Protein chains: 2
Amino acid sequence: MKARYEARARVIKALAHPSRLFIVDELSRGEKCVCELTEKIGSDISTVSKHLSVLKAAGLIQDKKCGTQIYYRLRKPCIMEFFACIELVIESTAREQLELVELEVSDQNKVL
Amino acid sequence: MKARYEARARVIKALAHPSRLFIVDELSRGEKCVCELTEKIGSDISTVSKHLSVLKAAGLIQDKKCGTQIYYRLRKPCIMEFFACIELVIESTAREQLELVELEVSDQNKVL
DNA sequence: TGGCTATTTGGTAATATTGCCAACTATAAG
DNA sequence: CTTATAGTTGGCAATATTACCAAATAGCCA
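S.K.: Just to check I follow, could you spell out the domain arrangement of chain A for this structure?
M.R.: Accessible area lost upon the coming together of the parts serves often as the stated size of an interface. Once the domains are mapped, chain A shows domain 1 (1-75) and domain 2 (78-112). A C-alpha centroid distance of 31 Å is found between domain 1 of chain A and domain 2 of chain A.

As structure tokens, then:
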């Protein structure tokens with residue numbers, strides 16, 4: 001049973017980086033080569049290449065050689081549905097924090 | 001735009017650990033206190049407490065004090081749907097690896 | 001109050017991740 | 001063959017994560 005959580009963690013860890021999330025988002029709209037992604041991300045090409053290899057090792061993307069270029073694409077587009085839930089978490093957390101701040105302010109007003 | 005990917009990465013990073021995935025799975029079946037989770041996980045209670053604080057900071061879980069115990073629960077159960085897709089990625093990757101190995105074996109048989 | 005249980009926090013050593021540079025491989029074109 | 005382009009790999013320093021122990025905090029009960 002523990003092995004299952006480790007396997008899941010490996011895949012999720014591969015997603016847990018802003019550049020890699022950007023890559024996944026880009027690939028969800030069609031395949032792209034390393035140079036295209038590198039230009040959009042703005043990091044060194046070797047950095048982008050390593051991010052791609054992390055995603056590939058996790059089974060999230062696959063590549064296809066085309067002459068001198070290598071095109072990557074998403075292997076399971078269902079990943080994208082997940083981001084809607086992540087956004088929900090982010091939004092509701094932000095809303096809650098706001099309420100906490102507002103509560104503090106109104107408490108302070110009572111004291112004054 | 002970059003900030004959005006960073007925010008997503010923070011939440012996903014909070015999920016990217018076997019023990020924390022286990023915790024999320026447990027909490028999906030109802031709230032649990034730290035001691036219950038600690039017993040199931042088998043790590044030091046301080047370790048479990050820190051995992052819980054990571055999940056809480058990410059907005060994934062929330063706590064409720066009940067006497068001397070603290071009960072945690074999932075804030076957005078939609079997270080669970082995501083794991084089905086992760087399992088799909090894991091399974092299809094495993095299947096692909098198997099095919100690769102089988103291919104290698106049959107190639108070797110041709111050579112012999 | 002003092003002790004008991006549940007939990008968090010601080011400190012720290014081991015380990016993992018990240019990003020860049022430089023060097024390397026592979027393919028295409030002249 | 002030489003050069004240029006696309007991409008990967010090795011190495012390394014900076015940074016982050018992890019897990020444990022020890023100490024602190026909080027609520028309950030005698």
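So much for the structure itself; the text now carries on.
S.K.: Got a minute to help me understand the state of the cysteines in this structure?
M.R.: Chemically, a disulfide is nothing more than a covalent bond linking the sulfur atoms of two cysteines. What the rule picks out here adds up to two disulfides over all chains. Disulfide pairing places A:Cys78 opposite B:Cys85 at an S-S distance of 2.1 Å. Sign of the S-S torsion, about 75° for the bond between A:Cys78 and B:Cys85, identifies this disulfide as right-handed. Of the two residues, A:Cys78 is situated in the loop between strand 3 (69-74) and helix 5 (79-111) and B:Cys85 in helix 5 (residues 79-111); the pairing between them involves two chains. Judged by its relative accessible area of 19%, A:Cys78 falls in the buried class. Here B:Cys85 falls in the buried class, since its relative accessible area comes to 6%. Not part of a disulfide, A:Cys66 finds its nearest cysteine sulfur in A:Cys33, a span of 9.6 Å.

S.K.: How should the protein's contact with DNA strand C be read in this particular structure?
M.R.: Near DNA strand C lie 22 residues; those nearest to it are A:His51, B:Cys35, B:Ser49, B:Lys50 and B:Tyr72. Backbone sugar and phosphate groups make up 64% of those atoms of DNA strand C lying within 4 Å of the protein. Between DNA strand C and the protein, one listed contact pairs a phosphate oxygen with a side-chain N or O atom of B:Ser49 at 2.6 Å. At a separation of 2.6 Å, a phosphate oxygen of DNA strand C approaches a polar side-chain atom of B:Tyr72. Among the secondary structure elements, those contributing two or more residues to the surface near DNA strand C are helix 4 (45-57) of chain A together with helix 3 (34-41), helix 4 (45-57) and strand 3 (69-74) of chain B. Residue composition of the surface near DNA strand C, by class: six nonpolar, ten polar and six charged.

S.K.: Could you clarify how one ought to interpret the relation of the copies chain A and chain B in this entry?
M.R.: Relating one copy of the chain to the other requires a rotation about an axis plus a shift along that axis. Rotating chain A by 180° and translating it 0.0 Å along the rotation axis places it on chain B, where the RMSD comes to 0.0 Å. The relationship between the two copies is best expressed as a two-fold rotation axis. Residue A:Phe82 of chain A places its C-alpha closer to the rotation axis than any other residue of that unit, at 2.7 Å. A symmetric contact is evident, with 100% of the interface residues of chain A recurring at the interface of chain B.

S.K.: Explain the pattern of salt bridges here, please?
M.R.: Side chains that carry opposite charge are capable of pairing whenever their charged atoms lie near each other. Under the counting rule described, the total for this entry stands at 20 salt bridges over all chains. Put simply, A:Glu87 and B:Arg8 hold a salt bridge, and the shortest N to O gap is 2.7 Å. You can see A:Glu87 sitting in helix 5 and its partner B:Arg8 sitting in helix 1 (residues 2-15), one on each of two chains. Given the relative accessible area of 19%, A:Glu87 is considered buried. B:Arg8 gets classed as buried once you look at its relative accessible area, which sits at 10%. Ionic pairing is found between B:Lys64 and B:Glu31, a salt bridge with its closest N-O pair at 2.8 Å. With a gap of 33 residues between them, B:Lys64 in strand 2 (residues 61-66) and B:Glu31 in the loop between helix 2 (18-27) and strand 1 (32-33) connect regions that are remote in the sequence. Relative accessible area serves as the criterion here: at 40%, B:Lys64 is assigned to the partly exposed category. Look at B:Glu31 and you get partly exposed, because its relative accessible area is 35%.

S.K.: For this particular structure, what's the right way to read the interface of chain A and chain B?
M.R.: Taken together, the contacts link 35 residues of chain A with 35 residues of chain B. Roughly 3,400 Å² of surface becomes buried between chain A and chain B when both sides are summed, with 72% attributable to carbon and sulfur atoms. Its largest share of buried area at the contact with chain B, chain A owes to A:Tyr5, A:Arg8 and A:Ile12, together 19% of the area lost on that side. The interface formed by chain A and chain B contains six salt bridges. One can count ten residue pairs in polar contact (both at pLDDT 80 or more) joining chain A with chain B. Of all the elements in the fold, those that place two or more residues in the side of chain A that touches chain B are helix 1 (2-15), helix 2 (18-27) and helix 5 of chain A. Top element by residues in the side of chain A that touches chain B is helix 5 of chain A. It accounts for twelve residues. Tallied by class, residues from the side of chain A that touches chain B come to 21 nonpolar, five polar and nine charged.

Thresholds, definitions, all that
- Residues numbered from 1 in each chain as written.
- Chains lettered and ligands numbered in written order.
- Predicted model: local features only at pLDDT ≥ 70, side-chain atom pairs only at ≥ 80, totals over all residues.
- Heavy atoms only, no water.
- Domains from an automatic or database assignment.
- Disulfide = S-S within 2.5 Å.
- Helix = DSSP H or I, 4+ residues; strand = E, 2+ residues; numbered from the N terminus.
- Buried < 20%, exposed > 50% of the residue type's maximum accessible area, 1.4 Å probe, protein only.
- Near = heavy atom within 4 Å.
- Polar contact = N/O pair within 3.5 Å; in protein donor to acceptor, adjacent residues only side chain to side chain.
- Nonpolar A, V, L, I, M, F, W, Y, C, P; charged D, E, K, R; others polar.
- Least-squares fit on C-alpha atoms with pLDDT ≥ 70 in both.
- Contact = heavy atoms within 4.5 Å.
- Salt bridge = Lys/Arg side-chain N within 4 Å of Asp/Glu carboxyl O.
- Buried area = accessible area lost by both parts, 1.4 Å probe.

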